[in-house]
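# Tertiary structure, described
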Number of protein chains: 4
Amino acid sequence: MKSAAIPEAVAGLSERLGAVRRKTLELCAPLTPEDMMVQSCPEASPAKWHLAHTSWFFESFILRQYLPGYRPFHSDFQWLFNSYYEGYSAFPEKKLRSSFSRPALDEILNYRAHVDDAIERLLESGAEPEALKRIELGANHEEQHQELLLTDILHAFFTNPLRPSYIKAREQGTGIRDQDRPLQFRQFESGLRQVGYSGNGFCFDNELARHQVWLEPYALSHRLVTCGEYLAFMADGGYRRPELWLSAGWDAVKNNGWRAPLYWTNDDPGESPGDTGWSVFTLRGFIPLEERMDAPVSQVSYYEADAYARWAGCRLPTEFEWEAASEDAPARDTLIACNFLESGAPAPSPASEPLQDQNATKWSGDCWQWTASAYLPYPGFKPLAGALGEYNGKFMSGQMVLRGGSCLTPRRHIRPSYRNFFPPETRWQFSGIRLAQ
Amino acid sequence: MKSAAIPEAVAGLSERLGAVRRKTLELCAPLTPEDMMVQSCPEASPAKWHLAHTSWFFESFILRQYLPGYRPFHSDFQWLFNSYYEGYSAFPEKKLRSSFSRPALDEILNYRAHVDDAIERLLESGAEPEALKRIELGANHEEQHQELLLTDILHAFFTNPLRPSYIKAREQGTGIRDQDRPLQFRQFESGLRQVGYSGNGFCFDNELARHQVWLEPYALSHRLVTCGEYLAFMADGGYRRPELWLSAGWDAVKNNGWRAPLYWTNDDPGESPGDTGWSVFTLRGFIPLEERMDAPVSQVSYYEADAYARWAGCRLPTEFEWEAASEDAPARDTLIACNFLESGAPAPSPASEPLQDQNATKWSGDCWQWTASAYLPYPGFKPLAGALGEYNGKFMSGQMVLRGGSCLTPRRHIRPSYRNFFPPETRWQFSGIRLAQ
Amino acid sequence: MKSAAIPEAVAGLSERLGAVRRKTLELCAPLTPEDMMVQSCPEASPAKWHLAHTSWFFESFILRQYLPGYRPFHSDFQWLFNSYYEGYSAFPEKKLRSSFSRPALDEILNYRAHVDDAIERLLESGAEPEALKRIELGANHEEQHQELLLTDILHAFFTNPLRPSYIKAREQGTGIRDQDRPLQFRQFESGLRQVGYSGNGFCFDNELARHQVWLEPYALSHRLVTCGEYLAFMADGGYRRPELWLSAGWDAVKNNGWRAPLYWTNDDPGESPGDTGWSVFTLRGFIPLEERMDAPVSQVSYYEADAYARWAGCRLPTEFEWEAASEDAPARDTLIACNFLESGAPAPSPASEPLQDQNATKWSGDCWQWTASAYLPYPGFKPLAGALGEYNGKFMSGQMVLRGGSCLTPRRHIRPSYRNFFPPETRWQFSGIRLAQ
Amino acid sequence: MKSAAIPEAVAGLSERLGAVRRKTLELCAPLTPEDMMVQSCPEASPAKWHLAHTSWFFESFILRQYLPGYRPFHSDFQWLFNSYYEGYSAFPEKKLRSSFSRPALDEILNYRAHVDDAIERLLESGAEPEALKRIELGANHEEQHQELLLTDILHAFFTNPLRPSYIKAREQGTGIRDQDRPLQFRQFESGLRQVGYSGNGFCFDNELARHQVWLEPYALSHRLVTCGEYLAFMADGGYRRPELWLSAGWDAVKNNGWRAPLYWTNDDPGESPGDTGWSVFTLRGFIPLEERMDAPVSQVSYYEADAYARWAGCRLPTEFEWEAASEDAPARDTLIACNFLESGAPAPSPASEPLQDQNATKWSGDCWQWTASAYLPYPGFKPLAGALGEYNGKFMSGQMVLRGGSCLTPRRHIRPSYRNFFPPETRWQFSGIRLAQ
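Everything quoted here is computed from the prediction, not taken from an experiment.

## Examining the overall build of chain A
A tally of helices and strands in chain A yields 10 helices and 11 strands. Buried positions account for 61% of the 437 residues belonging to chain A. The contacts in chain A between residues at least 6 apart in sequence include a share of 80% that link residues at least 24 apart.

Right, dumping it as structure tokens:
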């Protein structure tokens, strides 16, 4: 039975969805169809697959159920672009996505248009509230894949021995350096705090139920650890001293030969790991580390973040410490003022500029921040019904929570209660370090 | 500078230590020197290595520092029997322990006697408080290895195609069956609770600092899930239904071909996984599953425990729910009354007997209980100083907490705040399932 | 110093090379740029890489040395498209080829044209004999990659879950079936035979030196084993009987779950491995096995060929038995009459048609034929000078010789002394079975 | 039906078998029951297993068929000590042999005595010719395992971080050095040669049928390559120059980090791989390389032998070149005079002493000699009937032939036609290098 959806809300959703869908295509503008075939690590997917899968999501979880008479674009796409929803259909092994030369990109673009038209019809015809909620979910889902698409392309271009650039133009020098502004710590009091999403808007199931946690007094650094600071850790033997590492982290260092963040390259590292010959691979290509000394270090694993914190005499914050502090930020605008996808600076940026105010704290953007919290369900967690319940819940094992969003996260997508999560050895993300005490 | 230790405390410690050291040897009585060479899985060590390593611990962390003029038994043993203390010395790869045919068992026994004599001298000569604390730590350390030694022997004997028994005599039938006593749940209220060790005795560093947590209302089952109940899960397709499993758990099921707990064997499982032809391998050899239907299921991984709980419409308890409930138990004796190493029944036992009282709850013993909590440091956690700091802290990644102790845990070793931990795929332990709601 | 090349020979070479180079592009006509990115198994390379590498070969081994003033197309291509010549330059790991979205296909095509022009200039300007020899080598090299390109595309399309076809039109039914023509054996006498290349034309270094071998009396089957005959082997438990297999072959069966040739697919194999529900994937897509019963079986490993031969009470021929018999064939035309790349039937074809003559023997084409000979150097083998010496010689370990060419081998490329070679577990090739006694 | 065996032949066989069986036990005298449990690499088996398996061979292939009323020692031993005979019974995975703490060594020794008694009864009662032939086979089988037992113990002791010695006493200095006696080459003419076993005594099935091969003129070195010569290869960058290696060999160098023969150890290799700080682990423990400079290098893989030969401007001999030369040796005694197991010098010995005669050639003993021949069946090869056919034939894939016997091979066991075989990456054997031209 169809409910009467509030027309304004529907219009807003239509507009929002259109913007998201267009943005995804915009992000692909610098890519060739061949670029969109590359899958260069187990975490990544080809860009073309991202385009298709985000459309599949709308088709599979919304159009088939809620748009009467909907004609699926292609019968095989139902399972071909299923990522991991066991309850929905069989699906190909993830690693096979690099063999999807067919369907061609053009066909995927037609698929997107077909789905967009159908969603529009659904919205115009008065969709049920559940359908509207799922469309909002689909928009958020696509925002996640926008970030992944760029993250994966960066890895694809780093893997290509020619190391091409996604963006040709060189970054402008910021002019402001942060070297003389040492890391400060903001103090927070103990108490019983509410955490988890509390508003009326959209959130993922894993941000609920809002619940209480007890926090001891704590302090968080006012900005993320910079490349320069991280280089000092390296120069001090950071990658050669087991006492700084978790046991599993030390194994990872040895087994993978880690000696710097993922995209740091040094053709002649010589004797000293702290030398200045490093370059950092970005969506703009290689940039000398010297020009990135004040920018937050990124593409580090949880193990590296944890080891750095131990070396610095600190620790990583828990996800609740971060959330409580972030919620209490004097103006929530500080959250918004940070470097997200829309800023057009697709690399972590130095903290200086937004922090002209000596008391300001840069909470979000630039890099996801590893927390000391394992990704586990909140008390009263309820996964979404049906196959959609696999969206977040089944991954609550073996992963660590990250908070704050990165320079590739759409601004609108993020909020203080947002929980990202990756296995602790993950390095292909824009993942950085905030310290706690 | 030497402090005057309180003589009675020293005498008590001497007596306790002697009992522990003798117990370890007693546990080896049924073993041949050849049995004590077997290392049948990456988690396990040869029994002979356990005998040596527990002596190495006293030598390396106590005698060398605190007994003037101590002459080490053998210069190579300093590094040969180091398990994983990077800060102490280099050490052999774990898997090489199966090649330690030399030193011979006799030499290891001499090593033990040499160390015992020296510790006795140290105690008699008035040891510093720090030395006394470390001796207590060494005794606890050895108790952990007593449990591991038997756990490893069980796996060694299961791996031997002849499937020998550690204990020859057959278990007596209990006479009492629990089939008609359905699982009950005990209710607990919400509130701010203290967790972590609070007494004056010994505890590990990972049980501190005692701190507050907020608990929502919850309920815990009054006993562990039985083999019979677990068989019903299997019969209902438990190992074939991905919707019941965490994603990593489902991968483990497929990659390892899991279809029953580790030591359940069925030469002809036929069509139905719920059939009755299973036998369970124990330290007494194979026992028909039919005779174990009321005993707690054990040797299941965290993934299996989690999947069972989901199938049963429940969840696993957090470590703090368990600890708070266990601390509040009407008489702490219920903790003690359970099946630990001393009971001489080296397999999980049916709950019936101790639960004649309809309101009693069996909190501990029989099986370690997987909790839904990742193994992470408590607020204010401080590892022990020096290389001893590697004892617990460096493993705080990728593991889940287990509580309660098993049928192979020395009774004195356990307490409500005790935290055991293993990776979620671990199955060689006596690990079982308590349900929460 | 420049020698005066014989003009006619140069003209012939120019024409031949042009035909080869055009043919390579023709083979790519049905492919999209996205298809040409796929690398679906360790043996395979992307089609685009084949286009580039075959041009790299001319640039690296001919143009740089022999064309004065030659300007390389792109400085990075020197190492980027090196396959495995350690003596020439560093080169990327083979598996990275799937990340070569840049250079784009267009740039590769320009690279080809650039190289073609330069070779033409070199030929016109009077090339040294060594340069002419290398151009002939380059043409043969490219013919090998033509075959590989199609072999790899077939695997790429088999890996794509949609299973697209390289050729759309269905094969015409042959009308002639061979079922009632049982396998015959041709007898050959013992004697001292010359083997290895003996003519004045081109051959690879591994076909030399021509030398003597002693052959005992032997017999070879007059055609290859058919799919129908292989199905009988399967129906007789061929994949379940260890006594039919080499030890390493039986390991391969168990570890890889082999139960049929690589491209045989059966969604519901039921109880009997000999049932008729199989389809065979080809460059024309899936074809029911029923329509392929008389065609030679292909995509079998050496282990399968060997096991089939044992089951049939036969053995595989040695490479010298094959070569001697093939050289003695009554009319060498029988070699030519067979199904090679030019026939436009890119799948093994039934033997019936060319064998209307009861005494004819089909020696070549359709499938490479596994021999019982390990790939080893001939007495007096001399690898080519310099880095080109790595072309064949360094692979003389762990591989078996195949003879005869396949339906994807250019006709002109093959001769009786030609030695192909693959590891015994290889299955992605058009590799089939001739029996010996 | 029983034939009348020739009494003297039976007596001789009885005596020979008794000597072999006693020798096996003698070899174990320096070992503890714990030593006999170690299985330190996939190629090796525990010594205890060798004792049992060689008895199993007699029980399974002789006593059960040919001794009426034979009572097997233990019903489970039938499959427990089967190594790889699929046609005889199921058998445990090889790697499980390290878990066979039960049966205890004593029980294995009783098993041996039980089998010895039964064989004696069989011989006394007049065994069939086939039984006698199998007893001879069993004696040869046990001789192979004598060699393996010591080879495996050497690896076990090398793996033990304490590096114990099998023999305590130090080797006497030979007094004679070979440094000034350069490698000489013996010339051999071309011709059609008979190869394969031709006598009336025992040989393995893989030495038959005797057949003809054509040999081109060739030359073989008069002794094996020494450690000193091999050190020069290392000093010349042997392990760092891909042009010297087969492709698969170079992969093995990189993947395994090879930089010297297996048992060469150098705690501080410094800059130069040719330095003199190396020691060689032997059954007598570590011996400085300086004292082994004239002894044949051993524990090298086929890849290393091949690379050394290429570096030296030579090649490895084929198995037939070796066999023909060895058969033609001026006095067959030279074969016998070499260093086999009975010499009590369980390490390769310098060639000097037996070669006082300037024209003598040392063909056998010291080290197995890698040949350039793949291990393949001879024309007319017939495996033994039944499960015994798996003895040699099923391994004819992926292995290279070695000739000549080593310092651990029983003298009586070897003959010119004897073919040993191992995969090309194998290094735990006493495998060395003879050069050919």
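## Observations concerning the nonpolar core
A:Trp264, B:Trp264, C:Trp264 and D:Trp264 are the most contacted members of the largest nonpolar core, which has 461 residues in total. If we ignore the near neighbours within four places in the chain, the residues touching B:Trp264 are B:Cys227, B:Tyr230, B:Leu231, B:Met234, B:Trp278, B:Ser279, B:Val280, B:Leu289 and B:Val297.

## Digging into the interface of chain B and chain D
The interface of chain B with chain D comprises 30 residues on the first partner and 29 residues on the second. Taking both sides of the interface into account, the surface hidden between chain B and chain D amounts to around 2,300 Å²; carbon and sulfur atoms contribute 61%. If you sort the residues of chain B by the area they bury against chain D, B:Glu34, B:Arg102 and B:Leu162 come out on top, with a joint share of 33%. For the pair chain B and chain D, the interface holds 4 salt bridges. The partner of B:Glu34 in a salt bridge is D:Lys48, with the nearest N and O atoms 2.6 Å apart. Summed over the shared surface of chain B and chain D, the number is 14 residue pairs in polar contact (both at pLDDT 80 or more). Secondary-structure elements contributing two or more residues to the side of chain B that touches chain D are helix H3 (77-80) and helix H5 (129-159) of chain B.

## Observations regarding the domain arrangement of chain A
Residues and elements named next belong to chain A. By domain assignment, chain A separates into domain 1 (8-159) and domain 2 (178-432). When each unit is reduced to the centre of its C-alpha atoms, the spacing between domain 1 and domain 2 is 28 Å. Contact residues are listed per partner, giving 31 residues for domain 1 and 31 residues for domain 2. Across the contact surface, domain 1 and domain 2 share 0 salt bridges. Applying the counting rule to domain 1 against domain 2 returns 12 residue pairs in polar contact (both at pLDDT 80 or more). Of all the elements in the fold, those that place two or more residues in the side of domain 1 that touches domain 2 are helix H1 (7-28), helix H2 (47-66) and helix H5 (129-159). In terms of residues, the side of domain 1 that touches domain 2 owes the most to one element, H5, which gives 18 residues. The residue makeup of the side of domain 1 that touches domain 2, split by class, is 15 nonpolar, 7 polar and 9 charged.

## Things to note about the confidence of the model for chain A
Averaged over every residue, the pLDDT of chain A is 92; residues scoring 70 or more account for 90%. Here the predicted complex carries an ipTM of 0.94, next to a pTM of 0.95.

## Let's talk about the side chain of D:Ser45
All names here are of chain D. For Ser45, the position within the fold is in the loop between helix H1 (7-28) and helix H2 (47-66). With a relative accessible area of 4%, Ser45 lands in the buried category. Of the polar contacts made by the side chain of Ser45, one reaches the side chain of Arg97; its length is 2.7 Å. Once residues lying within four places of it in the same chain are set aside, the contact partners of Ser45 are Val38, Gln39, His50, Lys94, Arg97 and Asp152.

## Here we look at the relation of the copies chain B and chain D
Its rotation angle being 180 degrees, the transformation that places chain B on chain D also includes 0.0 Å of axial translation and leaves an RMSD of 0.0 Å. Such a combination of rotation and displacement between the chain copies is what one expects of a two-fold axis. The C-alpha atom lying nearest the rotation axis in chain B is that of B:Glu34; the distance is 2.7 Å. Looking at chain B, 97% of its interface residues are interface residues in chain D too, so the copies touch through the same face.

## Thoughts on the side chain of D:Ser397
Topologically, D:Ser397 is positioned in the loop between strand E8 (368-374) and strand E9 (400-403). Not counting chain neighbours up to four residues away, the residues in contact with D:Ser397 comprise C:Leu246, C:Ala248, C:Tyr303, C:Pro424 and D:Tyr375.

## A closer look at the pairing of E8(D)
Residues and elements named next belong to chain D. In terms of residue burial, E8 counts as a mostly covered element, since 7 of its 7 residues are buried. Residues Trp368, Trp370, Ala372 and Ala374 of E8 are buried on one face, and the alternating residues Gln369, Thr371 and Ser373, pointing to the opposite face, are buried as well. Judged from the 2 bridges that link them, E8 and strand E11 (residues 431-432) form a sheet pairing that is parallel. Each residue of the ladder has a partner; that of Gln369, found in E11, is Gly432.

## Overview of the pattern of salt bridges
Across all of its chains, the model carries 92 salt bridges over all chains by this definition. Within this structure, A:Arg21, A:Arg112, A:Asp116 and A:Glu142 form a network of salt bridges that share partners.

## A look at the sheet that holds strand E9 (residues 400-403) of chain A
Residue and element names in this part refer to chain A. Taken in spatial order, the 4 strands make up an open sheet running E10-E9-E8-E11, and their pairing is mixed. A strand with exactly one partner marks an edge of an open sheet, and here the two such strands are strand E10 (420-422) and strand E11 (431-432). Strand direction decides the pairing type here: strand E8 (residues 368-374) and E9, joined by 3 bridges, are antiparallel. Bridge assignment links Trp370 to a residue of E9, and that residue is Leu402.

## Description of the interface of chain C and chain A
With 31 residues of chain C at the contact, the number on the chain A side is 29 residues. Buried surface at the junction of chain C and chain A, summed over both partners, amounts to about 2,300 Å²; 61% is from carbon and sulfur atoms. Three residues, C:Glu34, C:Arg102 and C:Leu162, lead the burial of chain C against chain A; their summed loss comes to 33% of the area buried on that side. When residues in the side of chain C that touches chain A are grouped by element, the largest group, 3 residues, is from helix H5 (residues 129-159) of chain C.

## A look at the relation of the copies chain C and chain A
If you rotate chain C by 180 degrees and push it 0.0 Å along the axis, it lands on chain A with an RMSD of 0.0 Å. Here 94% of the interface residues in chain C have copies in chain A that are interface residues too; the copies meet face to matching face.

## Focus on the environment of D:Glu216
Structurally, the position occupied by D:Glu216 is in the loop between strand E3 (211-215) and strand E4 (218-221). Of the residues examined, D:Glu216 reaches a relative accessible area of 30% and is grouped as partly exposed. When the C-alpha atoms of D:Glu216 and D:Glu321 are compared, they prove to be 9.0 Å apart, with 105 residues separating the residues in sequence. Residue contacts for D:Glu216: discarding those within four places in its chain leaves C:His211, C:Gln212, C:Pro379, D:Glu189 and D:Ser190. Within polar-contact distance, the side chain of D:Glu216 engages the side chain of D:Trp214 at 3.0 Å.

## Quick word on helix H8 (residues 302-311) of chain C
Residues and elements named next belong to chain C. In terms of burial, H8 is largely enclosed, as 8 of its 10 residues are buried. Listed as buried for H8 are Tyr302, Tyr303, Glu304, Ala305, Asp306, Ala307, Tyr308 and Ala309. If you follow the buried residues of H8, they end up packed against helix H6 (227-235), helix H7 (247-256), strand E8 (368-374) and strand E9 (400-403). Of the residues flanking the end of H8, it is Gly313, one or two places downstream, whose phi is positive at about 75 degrees.

Cut-offs used in this document
Residues numbered from 1 in each chain as written. Chains lettered and ligands numbered in written order. Predicted model: local features only at pLDDT ≥ 70, side-chain atom pairs only at ≥ 80, totals over all residues. Heavy atoms only, no water. Helix = DSSP H or I, 4+ residues; strand = E, 2+ residues; numbered from the N terminus. Buried < 20%, exposed > 50% of the residue type's maximum accessible area, 1.4 Å probe, protein only. Contact = heavy atoms within 4.5 Å. Core = buried A, V, L, I, M, F, W, Y, C linked by side-chain atoms within 4.5 Å. Buried area = accessible area lost by both parts, 1.4 Å probe. Salt bridge = Lys/Arg side-chain N within 4 Å of Asp/Glu carboxyl O. Polar contact = N/O pair within 3.5 Å; in protein donor to acceptor, adjacent residues only side chain to side chain. Domains from an automatic or database assignment. Nonpolar A, V, L, I, M, F, W, Y, C, P; charged D, E, K, R; others polar. pLDDT = per-residue confidence, 0-100. Least-squares fit on C-alpha atoms with pLDDT ≥ 70 in both. Pairing = 2+ DSSP bridges.

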